[in-house]
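Chain by chain, the residues:
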Amino acid sequence: MGNGWQGRLLRVNLSDKTCTIEALNMEWAAAYVGGRGLATRYLTEEVDPAVDALDAANKLIFATGPLTGTYGAANGRYMVVTKSPLTGTVACSNSGGYFPCELKYSGFDLVIVEGKAEQPLYLRIHNQYAELADAGHLWGKTTDETEDLIRAEFHGDAKVACIGPAGEKLVRYACVVNDKHRAAGRSGVGTVMGSKNLKAIAVRGTGGVGVADAPGFREAARETLKMLRQHPVTGEGLPALGTAILVNIINQSGGLPTNNSQFGTFDKAEDISGERLVQTFLKRNKGCMGCVIACGRLTKLVDPRFSGSGEGPEYETLWSLGATCGVSDMAAIVKANYLCDEYGMDTITMGSTVACAMELYQRGLITEEEVGMPLNFGDSNAMVKLVELTGKGEGFGTQLGLGSARLAESYGAPEFSMTVKKQEFPAYDGRAIQGMGLEYATSNRGACHVRGYLVSPEILGLPEKLDPQAIEGKAAWAKAFQDVTALVDSAGVCLFTTFSIGVPQVTRLLNGATGLACSEDQLMAAGERIWNMERLFNLKAGISPAQDTLPKRILDEPLPDGPMKGAVSRLPEMLPEYYRVRGWDVQGIPTTEKLAELGLA
Amino acid sequence: MQKLIRIEPSNCIGCKSCELACSFRHRGEFAPSKSRIINEVFMEDAQFITVTCMQCEDPWCRKACPKGAIDKDMKSGIVTVDEVKCVGCRTCVSACPFGMIRYLPETGKADKCNLCGSEFPECVAFCPTHCLKFSEEDLPLREKVLKFARTMKDGQGEV
């Protein structure tokens, strides 16, 4: 028996070198579901949103959901929540692998890290025993080296989440890598970890997770297993080709940003497609813990120039290190992807920042001397070299480590940064796919695809087909997808399951686990509550609604090619409607009525 | 004939659904460390290997048990621990060369796979890729033999 929760959080103060166990706030757990929602609730309570993200006063929260560690819907996720040093907004990055469940099995739902260590430390958790250990010998090591060293000295079965050299050197988009190849990738959550001199969290947990209604939970899981296996996306497409299945689909839709979004199609898309990956470097597919989809790609490089093995690349990475840099060299992309994992950097921001630098070079705003090499679009060797320099914090890599917004700004050309709130948008052009433009502009962590994935209806036709060029109703769709995603993330479920399962299934699993009798409407309201709480954090952090916008290129420059030729984003028409369906005022501020309705007043 | 859990590693995706299903069914909680079936992930080699009790013909654990608490049912082939007779001495744990019987501190008894007794094995029911099968014949082996035979057949056609 149980209720999906362990009921405990571990508070780690790096300044005092203390680890203390606290009871989980179960009232908050009910209102904010868990994971992303619950951790953000703690963050808003304990951290001034106006704090400098790299100040010791910022906190870093590792959070599981009530379903993390169970089965049914790829329930192996955890989230890292903090204030982002890239965007200045709230940050929440999600990852799978095996670490999240191991953390739950150790008996903790959350780990709150606060303060700053004087010397590099790492956290060791063995069930309910936690201690801080010296990490001097790990500092400077890559993520895979770090995991191997920790396993050798702590526990052979330990699961490890750590930062690489990029996090130590405060690259603004460093990630927290777990199980060597899975990443809480975006918004610089690894940068915050680096600023605190925390190298890693290693955990060995031999306990379990109980649920309130075992027969009901099992029955719900049988249903989701069947739905996931029978659906063409989660049962066939993702297992066979991974997320990379999208390269050809999005290119054919005219929405694959190419050469830093100067074009919407890439004539060499086939060379960087999921199909090509299968023919070249794919060894097999794999799932995270409890996952029945298995979109993960285990790959091994066989190339005269490069070597290595690991997981990925994902679709977004094939695009960021590929199409948007004009690069069609699959081996180079795979290598750069490995380097991003090893140094611990977000592949989306990394590739998009290289693309931005390429355009600055194309327009004569950066010289070959500054970069240390020619930097033409399509130069795969330069791309790999710059990824390496960024991870090491050397040469021109120090400037790339700032992200494209700060880079372009420093050269007086902010318009060449494809960002919202200083975070690079992923592999969908907001002109070709109108709903995604709205999603980028309104996402609470800056441009992002996994806050409200409208590609699903607009391109894939799930749950129903929408015209990607239409704007009617897109605001309501964006809100609904954003709220559902907040719920799914917070539960500890993988977002990819929602191609085939929906709120009814998540509700059954959640109720079966927690023993609560929440209605679907109540859980949707929880998603909306989480979204509004994040919005409030951002407003208090000084992120003006004026930043709910898109780069000039997406708003004003018509797409010059492909099936969506001539399109620009119609964000100015969609945004007022979005604010209205959100129950916010015309300035984009949540109204007191809305906040009262959500219990946030 | 007696049925066994048949394992085809090439179908495995390393999701550990088998461990989750087993521990939930038998221990009432999701606890891979208490599962009777183990899914090991060898990431560097891109290999996932699943192991469980093979219900030996002449089980080491049974021979080792000083209390006669372990028996093999000749009809089903299942090797079972009688929790009433078991005194938790762990002799069987030492005896099994495969590590497929263990001592559970919470019960004070030895614990091993019993193919879910009279019910369909839960790990097989939750295996998403049919890496696990519950069958009399060794179906994965049969598939391998057939694949080999087909290759031979195709070669004959080209002569």
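Since the model is a prediction, treat every value here as computed from it, not as a measurement. (Residues numbered from 1 in each chain as written. Chains lettered and ligands numbered in written order. Predicted model: local features only at pLDDT ≥ 70, side-chain atom pairs only at ≥ 80, totals over all residues.)

1. Remarks on helix 2 (residues 35-46) of chain A
Residue and element names in this part refer to chain A.
Thought 1: With 12 residues, helix 2 should cover 16 Å at 1.5 Å per step; its first-to-last C-alpha distance of 16 Å lies within 8% of that length.
Thought 2: Buried residues dominate helix 2, accounting for 9 of its 12 residues.
Thought 3: Gly35, Arg36, Gly37, Leu38, Ala39, Thr40, Arg41, Tyr42 and Leu43 are the residues of helix 2 that are buried. (Helix = DSSP H or I, 4+ residues; strand = E, 2+ residues; numbered from the N terminus. Expected span 1.5 Å × (residues − 1). Buried ≥ 20, exposed ≤ 12 C-beta atoms within 10 Å, placed from the backbone.)

2. Structural notes on the interface of chain A and chain B
Thought 1: On the chain B side, the residues contacting the 27 residues of chain A number 20 residues.
Thought 2: When residues of the side of chain A that touches chain B are traced back to their parent elements, those giving at least two are helix 7 (214-230) and strand 13 (282-286) of chain A.
Thought 3: Broken down by element, the side of chain A that touches chain B gets its largest block of residues, 4 residues, from strand 13 of chain A.
Thought 4: Of the residues assigned to the side of chain A that touches chain B, the class counts are 11 nonpolar, 11 polar and 5 charged. (Contact = placed C-beta atoms within 7 Å. Nonpolar A, V, L, I, M, F, W, Y, C, P; charged D, E, K, R; others polar.)

3. Re the sheet that holds strand 1 (residues 8-13) of chain A
Residue and element names in this part refer to chain A.
Thought 1: In space, the 6 strands of this open sheet follow the order 2-1-6-3-4-5, with mixed pairing throughout. Strand pairing shows two members of the sheet lacking a second neighbour, strand 2 (18-23) and strand 5 (90-95), which therefore form its edges. Within this sheet the neighbouring strands show an average axis-to-axis angle of 20 degrees, counted without direction.
Thought 2: As paired elements, strand 1 and strand 6 (residues 110-114) share 5 bridges and run parallel to each other. (Pairing = 2+ DSSP bridges. Axes fitted to C-alpha atoms, helices over the stretch in contact; angles between N-to-C directions.)

4. Here we look at the domain arrangement of chain A
All names here are of chain A.
Thought 1: Segmentation of chain A into domains returns domain 1 (8-204), domain 2 (237-424) and domain 3 (434-499 + 519-597).
Thought 2: On a C-alpha basis, the centroid separation for the pair domain 1 and domain 3 is 27 Å.
Thought 3: Taken together, the contact between domain 1 and domain 3 spans 35 residues of the former and 25 residues of the latter.
Thought 4: Elements supplying a minimum of two residues to the side of domain 1 that touches domain 3: helix 1 (26-32), helix 2, strand 4 (78-83) and strand 5.
Thought 5: Here the element with the most residues in the side of domain 1 that touches domain 3 is helix 2; it accounts for 7 residues.
Thought 6: Its residues assigned to classes, the side of domain 1 that touches domain 3 shows 14 nonpolar, 16 polar and 5 charged. (Domains from an automatic or database assignment.)

5. Some points on unusual backbone geometry
Residues and elements named next belong to chain A.
Thought 1: Between Gly312 and Pro313 the backbone carries a cis peptide bond, its omega angle lying at 10 degrees.
Thought 2: Take Pro313: it is sitting in the loop between strand 15 (309-311) and helix 11 (315-320).
Thought 3: In this chain, Leu462 is followed by Pro463 through a cis amide linkage whose omega measures 0 degrees.
Thought 4: Relative to the assigned elements, Pro463 resides in the loop between helix 19 (455-460) and helix 20 (474-491).

6. Quick word on the packing of helix 20 of chain A against helix 22 (residues 520-540) of chain A
Residues and elements named next belong to chain A.
Thought 1: At a minimum axis separation of 7 Å, helix 20 and helix 22 run at an interaxial angle of 95 degrees. Classified by the interaxial angle, the pair formed by helix 20 and helix 22 is roughly perpendicular. Between helix 20 and helix 22, the contacting residues are Gln482, Asp483, Val484, Ala486, Leu487 and Ser490 on the first element and Leu523, Met524, Ala526, Gly527, Glu528, Ile530 and Trp531 on the second.
Thought 2: For the contact of helix 20 with helix 22, a count of residues per class yields 8 nonpolar, 3 polar and 2 charged. (Parallel < 35°, antiparallel > 145°, perpendicular 65-115°, else oblique.)

7. Considerations on the domain arrangement of chain B
Accessible area lost upon the coming together of the parts serves often as the stated size of an interface.
Residues and elements named next belong to chain B.
Thought 1: By the assigned domains, chain B splits into domain 1 (1-53 + 113-159) and domain 2 (57-111).
Thought 2: Centre-to-centre separation of domain 1 and domain 2, based on C-alpha positions: 23 Å.
Thought 3: Facing the 8 residues of domain 1 at the interface are 8 residues of domain 2.
Thought 4: Of the residues assigned to the side of domain 1 that touches domain 2, the class counts are 3 nonpolar, 3 polar and 2 charged.

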